[in-house]
Structures are given as structure tokens and as C-alpha cells.
Amino acid sequence: MKFNLKITLFLFIIVVNMLSPAQAAKRKIHAKVQKTENSITKTYTSVEKLLQSMTLEQKIAQLIVIRSFAENDSGYYADIANTIDKYQYGGVCFFKGLASEMVKASNLYQSKAKLPLLISIDGEWGPGMRLTDLWTFPRQQTLGALQKDSLVYKMGRMVGAQCNRLGIHFNYIPSVDINNNPNNPVINTRSFGEDKYNVANKSIAYFKGMNKEGVLGSAKHFPGHGDTDIDSHLATPTINHSFAYMDTVDLYPFKKMIEMGVNSIMVGHLGTPALDTSGAPASLSPLLIDTLLRHTLGFKGLVFTDGLEMNGVTALAKYPGEVEVRALLAGNDILLLPLNPPAAIAAIKQAVEDTLLSLEKIENSCRRILNCKKELGLLVDIVKEDTSSLTKANKIFVSPTNLLNDLNTIDVKVLNNQIFAQATTLLKNKNNILPLIPSLYPKIACLHIGDTNVGAYEEMLSNYAQIDHYYLHKNFEKIKIDSIKMRLAPYDLLIMSITNTNYAPSKKYGITSQSIELVDSLQQLPGVCVLNLFASPYSLNLFSNIQDVDAIVVSYQELPASLSIAPQILFGGLAAQGKLPVSISKEWPVGYGLSTSTSALAYQYPQEIGLPAELFAKIDSLAILGIHEAAYPGCQIAIAKGGSIVYQKAFGRYTYDSLSPMVNLDNVYDVASLTKVISTTLAMMKLYDEKAYQLDEKLSNKIHRLRRTNKKNINIRALLSHQAGLKASVPIYIDSFYKKEKIFSHRKSEQYPIQIADSLYVLKDYYKHIREQMDISKVDMTPKLVYSDVGFYYLQEYIENKTDVSLDVYVRDSFYKPLGLTHISYLPIQHFDKNKIIPTENDRVFRQQQIQGFVHDPSVALMGGVGGAAGVFSNAHDLVVIGQMLMQNGCYGGRRYIDSATIQLFTSADFSPSNNRRGGGFDKPPFQSDQPTPTAKSASLESYGHSGFTGTYMWVDPKSDLVYVFLSNRVCPEANNKKLMQMNLRTDIQELIYQYINK
């Protein structure tokens, strides 16, 4: 026959509460002891022998877990070790300190324990919650916003792995409290939220993950600490819920955890008048533990008290040790953190001798603890059939070697990124402005309220757009609000980020009144306004007037991962997916959250897309090999796979001088002939979309003077595919036949306005002479592939004639600026600090100096630095963005730049005449595998790209969803250094990537 547990418990409580609290407790204790004794198995005969060999004091001591910090105090450790040696406590719980110190202390303590200690920690978001040298995981409220419990399970496994490495056997997680009180001062963000199903499911996932690694957990704080406005560390809170509500809501996650097989349950210091009218907190209530938890809910595992040093119970003690006696009478097994452990042992022993507390109760709890230790493998050298007394044995000692490297692994960062990518919650998105399209906002500002140093956030924002950053400490003076408002008024888009917050409702989550007033004021500005909140969503209730904010993003916490993920969601690198784990208002109830789509590159660790660290270690080795072999002094490499940049790294120095600066990712390189595809070809594709020309149209129809030359019949397709018969280049800088006047000057003047190097200027009309030499140069009438710069000079001239602006301005305004690129430009000396520009050749031909900040190509330099064949400077990152735009068929960041059909045409070998592998501007793999190739052998036939004379390379492979960029200055100091090509380093690295992505 099956009984309704709710009815059974309800009737039982009515009857028991009709008795005096003392009578009810006494009757329940005797009944429960009898039932428990009958149900305890005697399977572990060796544990039984061990148990019977122990003195009463030793049995009591096994029930006690004491506190230890890990803060590099040998005297403190020695004192605790001495108490362990004297009293032989059952376990130690570690708190604030360092991982290395914890291991040091734990090993010492274990050496003093006759029975191995249960080492525990209260690490709700991992051991890093207590050990400050460990990377931390997100809080449970953040996890509550996830739609995939698999990530919670994964976090549980990583937390378990860290605990294992530290020698931790018990971690007091998860908190299964349902936080339905926004003002809860102690649980709040430690809860998965207010939805009981979400809380239960994520609690189970978290526990199972950790338990899979062999670490035990404890569901807490029974019967539910979510709806309190008092911190049980300070006083005893009261849960004023009805029995029916508690049974269906508060207890629901505990029931599910018990069904799942949780190892232990921690009981809170909570008054529950609906369950026990005696006034006893749950941790001291036989009705809550023996009756409800053990009998009604059928829990068989270990029962922990919450910390017994907390004021929620210490205030109830009339004498030292009384609380611990009452806790055992109530049905607890383990006494966590007694205020005075020796006094607790004495009081418990006296209670047994006075028959207030039965020996059977002590032994039952001790038996559970010993069995737990045996299951953990701690008693392997102690528990044997012939065990007759406590013996010294081999303990589990933890190696300190390589500790932090083992704990702070890249996997922690990867998981944190994954969690925040899926938890960050979009609550408002007026007119679907997110993802933000940079080109819609000529002037963008970000106001950082709270911190003056948010490097990860600022850096990630700058990957997507040119943004002006302003910083305010959260305690700024209110009188500054008007001046701040005036300064930000001209911006088309304002991103307001609130950081340097905390988790305390009583402290308004660390958000100052002036910050709130400033947000209220700035949303009235004419531009678009976005609020990015790095705090609990509850803090939104502090803002009484945010209806004019156009978008609101809740990032929950201020951690490196959240600071990196939020900008990616704002600009479409990642999609918003999170759902509120708690209710904020009628407008934003629990489960609310808007979604967005992706449109731009994300920034992920390679492990997030399944690429191993081994691959990138090999890439590092090849890049360093090139430096050691003097193929180049330094380089940058960037890789995008699956829509994410997964690798960006800089190597070496500016030059071979050991004192020259180290290359970083912000440095810009002269990309030489990559200019043909990232400037001229882009412009030609855009004009093709606009039907400005036809591919088979004669160039002389666009540049009329060519009708009088041998180039009158060359068409545009032939120019783009290098099949126009033009010379590779025209040697115009050694100019024996230009005799009108001196070509160069060391001073800038109206006659010599064009700078081509430091203190070197060229005659203003010299570009006309270059064109003359191009026009009279020979043309090979045999239709064959001859790579030519000359054709791209003509294409530049056509573009500038058509658009009525110079090529650099046209591509800047049409592509670079709207793409949000900040490290790409012609004429770099005008746009970047010279110290950020990587030097190229030490030119001994006509400039007679080390070239830095000016284009390497002599012809382009003489034409003013802007060329169709060379002249662009860039870092690797910005080239990857261009490559990704092309691979996304011309659309990026919510804007279309080129028609997809145009990209398909220009990147296809069908663009060119037969026997020409090239597309329109782009190089391609050969038709036959035995032919020389400009790319890796594994690159698909759909792939395309280009290389540059200075040691640069860019390749896009739509089939493999791959963009690869390599930048170097192999021409520094001499252009005849061909080791880079001889070693095939650029394509060897590319081939290595294919080997791993094709596995």
C-alpha cells in the first residue's frame, strides 16, 4: 500500500505539536533510534571492528569538522595540527588562503591524524571561492540563466577535478535554495534562481559532475534558505511559508537530490514554524531532521549542520557544547565548525554518560562517517579484518609540484567563456538595435561607470568598432553629471557599462546613487543608449527610470570571461541566449530573455571549437623557428575557424636587434601585395555590384588616353586575372631619362609635398611621369598568366576617376571604417604612432635609410604611398575580419558590403581564361595537385587569397570555414632574404592547421 507522504507528514506534525516540544523531541528520538538501528547494514565488518575499537571520545571527535585558513602562517598550522593530534577530529574545512598553503597545511594535518581526515571546502563556485590564487567559476545565479544544464555538469566535473588535485574529499555544494526574495542577504546570487525545476535540474547536474570525479557534495540549506531577509551568520531567520508551500516549492529540489542519490544534506539554522512550532532552528530540530528528512523523505546519507559558529545557533547556547548536543539529538551526523570543539566533545560525552544522548546515536553517525571514508579510499590501509585498534597508516598526501599549473588550466577559461556566452541575458532591444551595426553610428562612446581599468572589456569592444572610452569611479561627484552629459551628447551611440559592483542587496549591489542618477540622465541624450550591467539582475530595481534606454544587457558578474563575452553579444559575435533565473518585475519575469543572431566574428579559445592546444604549440614552434633561422625578425599570426578568431599571436621583435621592441598584436605591417585583394579588388567588386563596368569591357573605355596606346584593347577581366600581357613592373625610381628637375628633396615644400621616407620628399608631379612610363611599356600579346603590378595601378586610376576620391579614402569609407577596423590604413604614418609600425627594408637604392612608416614598394612610394598594388598597412586581426566578410558572402556585422554572387564570381577560377588558376584579383590553388601551389596542398579548390613581397599572407577557405593570416617583415633589413619562401613556413603552418581540422 502506498501512502501520500504529504498527508503522512502533515498528520505526524499535528500530533507531535500537540505535545510539549520536550515530549515530542523525546518520543521522536526514541522512535527514530529504534528505526535507524534496525535499518543500518552491518556489511562493513572491518568498519565495525574499527568502530568498536575506538573510545567514546574518538567516536565523538570523528563527528567534528574544524576550520582552517590557508594563509601562510606556520605557527597557526602547528596549533591546529596539535589539536588534531590531541583530539583526532574527523575532518578539516578550509577557508581563505592560497592553494599551495592549503596543500601544505593539509599534509601536515593528515600527518597528525590517526584516521585520515575528511578534507572539505565550502567552494560553491569552485575552490577559487576560497583560494585566491585559483581562477574562479561563475556563481550559481549566473548558471541559473543557462538553458543547457550540460554546462553546469561540465563545471561540476572541473570543480571536482580541482578538488581532487587539492586533496579535497567534500565540497559543500550545491546550494539548492530557491531564492524568491530579492532582499535575501545571504543566499541571493548563491542560488540557481527562483524556479524550482530550474534549481533542481541544475543542482543535480552540478552535483553529478563533481561526484563523477569522486568528490562528495552536500545539498544545502535544508529545508530551504531562499526566502529570508536575515543572514543566519548573524541571527536565526524564520521561513514564514505554509507547510503546503514548503512541501511543493522549498523542499522540491531536496526531494529530487535525494532521489538522485546525494551524499549528504546540510541543514540550515532556520526557524520553520509551519514544520516545528517549538522555535528550534531546523539544524536543532528532530522534527525537521529525524522525522521529515530521514523518515518522510527517506534520506540515508550524512547530515551536516551548517556552521555551528554562526550566530544563528550560538545565541541559543546556555553553556559550551550545548548546541552540539542538541544537533546530535536532532539527527545530525557531522558537526560543522563548532565554536569550541574540545568543549563540544566534553559536553557530548557528558550527555552520553547522563543518557540524554544515546551511545547508539554516536556510533550510528560515526559508522556513516567511517563508511564514507572507506568509500573514498581513505581507510585502505586501516580497515582490515584483523583491525583491533586505531593505527597510524599511510594518508593521502598531496603533491605541491606544479600545483597551480594543474589547477589553473585553459579548460577553466574555456568553460567560463562558454557559460557567460550562454548566460548573458538581453532584457531590452528596442527596434532590434542589437547586434549593433558600427556603420550606423559614426561616433561611438563607452562610459565605464565603476572601474577605471577594464582592459578586457575595452579591448574586446575595440575589436568591433572605433570607440572613445571614458572612465568614472563609482564615487564620482554628482556635480559632474551635467558636464559628463555635455561631453557625451555628440555621440551617435553610447554604451554605459556598470562595473565594480558587489552581491549585497543591503549595499545596493555596489551601485552608487550618483551612478543611478547619471544613467537616468544620459538616456535622455539623442543618440542610441545601451546599458551593460555587470551585476545581479536584481539591481535593475534600483533604476526607477530606464524606459528610454534602448537596450539592456545583464552580464551578472564582473569576471574576465563576462567582460570579454558582453561586447561580442553587443556587436553580434555571439548570440544572446540567457534567460532570467529570477523575477525582476512584471515586465521581466523569471525565464525572460530576448535572443539575437550572430553576424560578426567571435573570439574563442581553440578548445571551444575542438582544436587541441597541441596544434597551436606546433604553430608557435614553426613561428619561432623562422625567427631563429633569420627568415624574419618577428611576425603575427591569426586564425579564424567556424566564425571565431581562435588564435592571435605575435612573435619576435621589430628587427634582429635584441634591444628592438617586441612585436604585439597592435603593430601594423606593410602587407605589400595583399593590397591588391584587400583594397583594389574589394573596390572593383563593389563597383561591379553597382554596374559601373563590365568585366569584358575595355579599360580604355574608362581611361580614355589608353586608346592611343598599345593597351587600348586590354579588358578589365584580364587586368584582374593578370592575363593582360603587362610587364610585372616598371623600373621608374632609377630615372635616368627624367631630366626636367631634381626628383627628391630633404625638405617639404609646395614643390616637394609628398613624403616617402624620413626627411625625404618627392616632386609633386612625379606620379605623372610614372604613368607615362606605364603607358609606353610593352605588352605581350600572348595570352598567358604574367603577374603584374602595372594592371592594378591602372585599376586604381579607374576607381579614383569613377568615385572621385582617392583609393585610400574610398576603401576606408566603404569597407574599413564600417567594418569597425582600427588597425588598417594606407599612409600609416598619418594614422598610427610610428613606434607601432613595423620597419621593413634598409633601402640602399634611393631612400638610403631604414624604412619605417612608409610603404616599402618604391613605385607606390613615389606615387604618394597609395597604390593599387601595394601601400596598405594592417595587423593580422583586421585582415581576418576582411577575410571573414568575404567568406560570409559579403555580409558582416549586419551590413552587406558586396553581393554574394559577385564574391562567388571573383573568387572562382572560372573568372579567368582557361589555364589560369586565378580569380578576380585573388590567387587560387592550382588545377592539378602536381603543379606549383601558392597555398597549402590541403586547401580546397574553393579557397582563395594572396601573398605579399614583404612576407605576408592571407587565405580564405569557405569549405573549411577557415581564414588564415601570416604577417612578417622578412625584407628587414634586406629584401633579398628569401629564407621565408625557401622554408615554406607560411604554407607549412597552414597545412598544419588543415591536418588538425580534417582529423
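No experiment lies behind these values; they were computed from the predicted model shown. (Residues numbered from 1 in each chain as written. Predicted model: local features only at pLDDT ≥ 70, side-chain atom pairs only at ≥ 80, totals over all residues. Heavy atoms only, no water.)

Undergrad: Got a sec to walk through the overall build of the protein? Specific residues and values, please.
TA: Check the secondary structure of the protein and you find 33 helices and 30 strands. Across its three principal directions, the C-alpha atoms of the protein cover 120 × 65 × 55 Å. With 999 residues in all, the protein has 61% of them scored as buried. Within the protein, contacts between residues at least 6 apart in sequence are counted, and of these 72% link residues at least 24 apart. Accessible surface computed for the protein: about 38400 Å², of which carbon and sulfur atoms make up 51%. Positive and negative side-chain charges of the protein, numbering 101 and 92 respectively, have mean locations separated by a distance of 3 Å. (Helix = DSSP H or I, 4+ residues; strand = E, 2+ residues; numbered from the N terminus. Buried < 20%, exposed > 50% of the residue type's maximum accessible area, 1.4 Å probe, protein only. Contact = heavy atoms within 4.5 Å. Areas by Shrake-Rupley, 256 points an atom, 1.4 Å probe, with all protein chains shown as cover. Lys, Arg positive; Asp, Glu negative; His and termini not counted. Charge placed at Lys NZ, Arg CZ, Asp CG, Glu CD.)

Undergrad: Can you tell me about helix α22 (residues 560-570), naming the residues and giving the values?
TA: Most of α22 is tucked away, with 10 of its 11 residues classed as buried. The set of residues buried in α22 consists of Ala561, Ser562, Leu563, Ser564, Ile565, Ala566, Pro567, Gln568, Ile569 and Leu570. Buried positions along α22 lie against α18 (410-423), α19 (455-462), β12 (493-498), β13 (528-533), β14 (551-554) and β15 (602-603). Positive phi appears at Gly572, one or two residues downstream of α22, with a value of about 90 degrees.

Undergrad: A description of the sheet that holds strand β28 (residues 944-948) should follow, citing residues and the corresponding values.
TA: Strands sit in the order β15-β17-β16-β30-β29-β28 across an open sheet of six strands; the sheet is mixed. The open sheet has two free edges, formed respectively by β15 and β28, since each of these has just one partner strand. For strand β16 (residues 634-641) and strand β30 (residues 962-968), the ladder comprises seven bridges, and the chain directions are antiparallel. Bridge pairing in β30 links Gln636 to Leu967. (Pairing = 2+ DSSP bridges.)

Undergrad: So what about the packing of aromatic side chains? Which residues, and what values?
TA: Summed over the entire model, instances satisfying the criterion amount to 25 aromatic pairs. Aromatic rings pair up to connect Tyr688, Tyr693, Tyr798, Phe906 and Phe911 into one cluster. Residue placement shows Arg67 over the ring face of Phe95; its charged tip is 3.9 Å from the ring centre. Across the ring face of Tyr252, the terminal group of Lys196 is positioned such that the distance to the ring centre comes to 4.8 Å. (Phe/Tyr/Trp six-rings, centres within 6.5 Å; stacked < 30°, edge-to-face > 60°. Lys NZ or Arg CZ within 6 Å of the ring centre and 35° of its normal.)

Undergrad: So what's going on with empty space enclosed by the protein? Which residues, and what values?
TA: For the structure on display, the rule yields four cavities of 30 Å³ or more. By volume, the largest cavity amounts to about 60 Å³. Looking at the largest cavity, the residues that line it are Ile437, Pro438, Ser439, Tyr464, Phe571, Ala600, Pro818, Leu819, Tyr892, Gly893, Arg895 and Tyr897. Of the residues that constitute the lining of the largest cavity, the class distribution is nine nonpolar, two polar and one charged. Of the voids in this model, the second largest cavity is the one considered here, and its volume is about 50 Å³. (1 Å grid on protein atoms, 1.4 Å probe; cavity = no way out; pocket = protein on both sides within 12 Å on 5 of 7 lines; lining within 4 Å. Points joined across faces, edges and corners; volume = space filled by probe spheres on them. Nonpolar A, V, L, I, M, F, W, Y, C, P; charged D, E, K, R; others polar.)

Undergrad: Hey, could you go over the sheet that holds β13 for me, with residue numbers and the actual values?
TA: Whenever strands of a sheet pair, they do so through backbone hydrogen bonds, lying parallel or antiparallel. An order of β9-β14-β13-β12-β10-β11 is seen for the six strands of this open sheet, with the pairing classed as mixed. Of all the strands in the sheet, just β9 (425-429) and β11 (468-473) have a single pairing partner and so form its edges. The average undirected angle you get between the axes of adjacent strands in this sheet is 15 degrees. In this sheet, β11 lies alongside strand β10 (residues 444-450) in parallel orientation, the contact comprising six bridges. When the bridges of β11 are listed, His448 appears paired with Tyr471. Those strands touched by helix α21 (residues 513-522) are β10, β11, β12 and β13, and its axis lies near 160 degrees from that of β10. (Axes fitted to C-alpha atoms, helices over the stretch in contact; angles between N-to-C directions.)

Undergrad: With reference to specific residues and values, describe the nonpolar core.
TA: One broad rule of soluble globular proteins: the nonpolar side chains tend to lie buried together. Of all hydrophobic cores here, the largest spans 136 residues; its most connected members are Tyr109, Leu166, Leu447 and Leu488. A per-element tally of this core places helix α8 (residues 149-166) first, with seven residues. Residue contacts for Leu488: discarding those within four places in its chain leaves Ala445, Leu447, Tyr470, Leu494, Leu522 and Leu525. Counting residues in each nonpolar core, the second largest holds 134 residues, with Ala638, Tyr669, Val872 and Val965 among its members. (Core = buried A, V, L, I, M, F, W, Y, C linked by side-chain atoms within 4.5 Å.)

Undergrad: Tell me about the confidence of the model for the protein, and please be specific about residues and values.
TA: When pLDDT is averaged along the protein, the result is 92; 93% of the residues meet or exceed 70. Scored below 50 in pLDDT, residues 1-8 shows five contacts in the model against residues more than four places distant or in partner chains. In the model, residues 10-44 has pLDDT below 50 throughout and makes 37 contacts with residues more than four positions away in sequence or in other chains. (pLDDT = per-residue confidence, 0-100.)

Undergrad: Residue-level account of the state of the cysteines, with values.
TA: Taken as a whole, this structure holds zero disulfides when the rule is applied. A disulfide-free cysteine, Cys446 has its sulfur positioned 11 Å from the sulfur of Cys529, the nearest such atom. (Disulfide = S-S within 2.5 Å.)

Undergrad: Describe the packing of α19 against α22, with residues and values.
TA: Between two packed helices, what matters for the description is the angle formed by their axes and the separation of those axes. Running from N to C, α19 and α22 point in directions that differ by 25 degrees, and their axes come no closer than 8 Å. One way to sum up the angle between α19 and α22 is to call them roughly parallel. For the crossing formed where α19 meets α22, the hand is right-handed. Taking contact as the criterion, the partners of Ala456, Tyr457, Met460 and Leu461 in α19 are, on α22, Leu563, Ser564, Ala566, Pro567, Gln568 and Leu570. Looking at the contact of α19 with α22, its residues break down into eight nonpolar, two polar and no charged. (Parallel < 35°, antiparallel > 145°, perpendicular 65-115°, else oblique. Left-handed = near helix turned anticlockwise from the far one by under 90°.)

Undergrad: Lay out the pattern of salt bridges in plain terms, naming residues and giving numbers.
TA: Taken as a whole, this structure holds 34 salt bridges when the rule is applied. Of the charged contacts, one joins Lys676 and Asp789 as a salt bridge, the two residues approaching to 2.7 Å between their closest N and O atoms. Of the two residues, Lys676 sits in helix α24 (residues 675-689) while Asp789 sits in the loop between α26 (766-776) and α27 (790-803), which places them 113 residues apart along the sequence. What makes Lys676 buried here is its relative accessible area of 0%. Under the relative-accessibility criterion, Asp789 is labelled buried at 13%. Overlapping salt bridges bring together Asp122, Glu124, Arg130, Arg190 and Lys220 as one network. (Salt bridge = Lys/Arg side-chain N within 4 Å of Asp/Glu carboxyl O.)

Undergrad: How would you sum up the environment of Tyr109? Please name residues and give values.
TA: Take Tyr109: it is sitting in helix α6 (residues 99-112). As a C-alpha pair, Tyr109 and Val528 span 419 residues in sequence and 60 Å in three-dimensional space. Setting aside residues up to four positions removed in sequence, Tyr109 forms contacts with Ser68, Tyr76, Tyr77, Ile80, Ala81, Ile84, Val92, Phe94 and Leu117. Only 2.9 Å separates the side chain of Tyr109 from the side chain of Ser68, close enough to count as a polar contact. (Polar contact = N/O pair within 3.5 Å; in protein donor to acceptor, adjacent residues only side chain to side chain.)

Undergrad: Lay out the pairing of β12 in plain terms, naming residues and giving numbers.
TA: Taken across its six residues, β12 has six buried, putting it largely inside the fold. Every second residue of β12 is oriented toward a common face, with Leu493, Ile495 and Ser497 on one face and Leu494, Met496 and Ile498 on the other, all of them buried. Note: β10 against β12, six bridges, orientation parallel. Across the sheet, Leu447 pairs through a bridge with Met496, a residue of β12. As judged from the six bridges shared by β12 and β13, these two strands associate in the parallel manner.

Undergrad: Residues and numbers for the layout of surface pockets, please.
TA: One number sums up the size of the largest pocket: a volume of about 1400 Å³. Glu459, Met460, Tyr603, Gln648 and Leu665 are the residues nearest the centre of the largest pocket, which is lined by 45 residues in total. Of all elements in the fold, only α18, α19, α22, α23 (613-628), β16, β17 (644-652) and α30 (876-887) reach the threshold of two or more residues within the lining of the largest pocket. A class-by-class count of the residues in the lining of the largest pocket yields 23 nonpolar, 16 polar and six charged.

Undergrad: Break down the side chain of Ser874 for me, citing the residues and quoting the values.
TA: With respect to the secondary-structure elements, Ser874 resides in strand β25 (residues 873-874). Residue class for Ser874 comes out buried when judged on its relative accessible area of 0%. Residues in contact with Ser874, not counting those within four places in the same chain, are Asn667, Val668, Tyr669, Val671, His823, Ile824, Leu879 and Leu967.

Undergrad: Describe the packing of α18 against α22, with residues and values.
TA: It is the contact of α18 with α22, at a shortest axis distance of 9 Å, that shows an interaxial angle of 45 degrees. By the criterion of interaxial angle, the relationship of α18 to α22 is oblique. The two elements α18 and α22 cross, and the hand of that crossing is right-handed. Mapping the contact onto sequence places Asn416, Asn417, Phe420 and Ala421 in α18 and Ala561, Ser562, Ile565 and Ile569 in α22.

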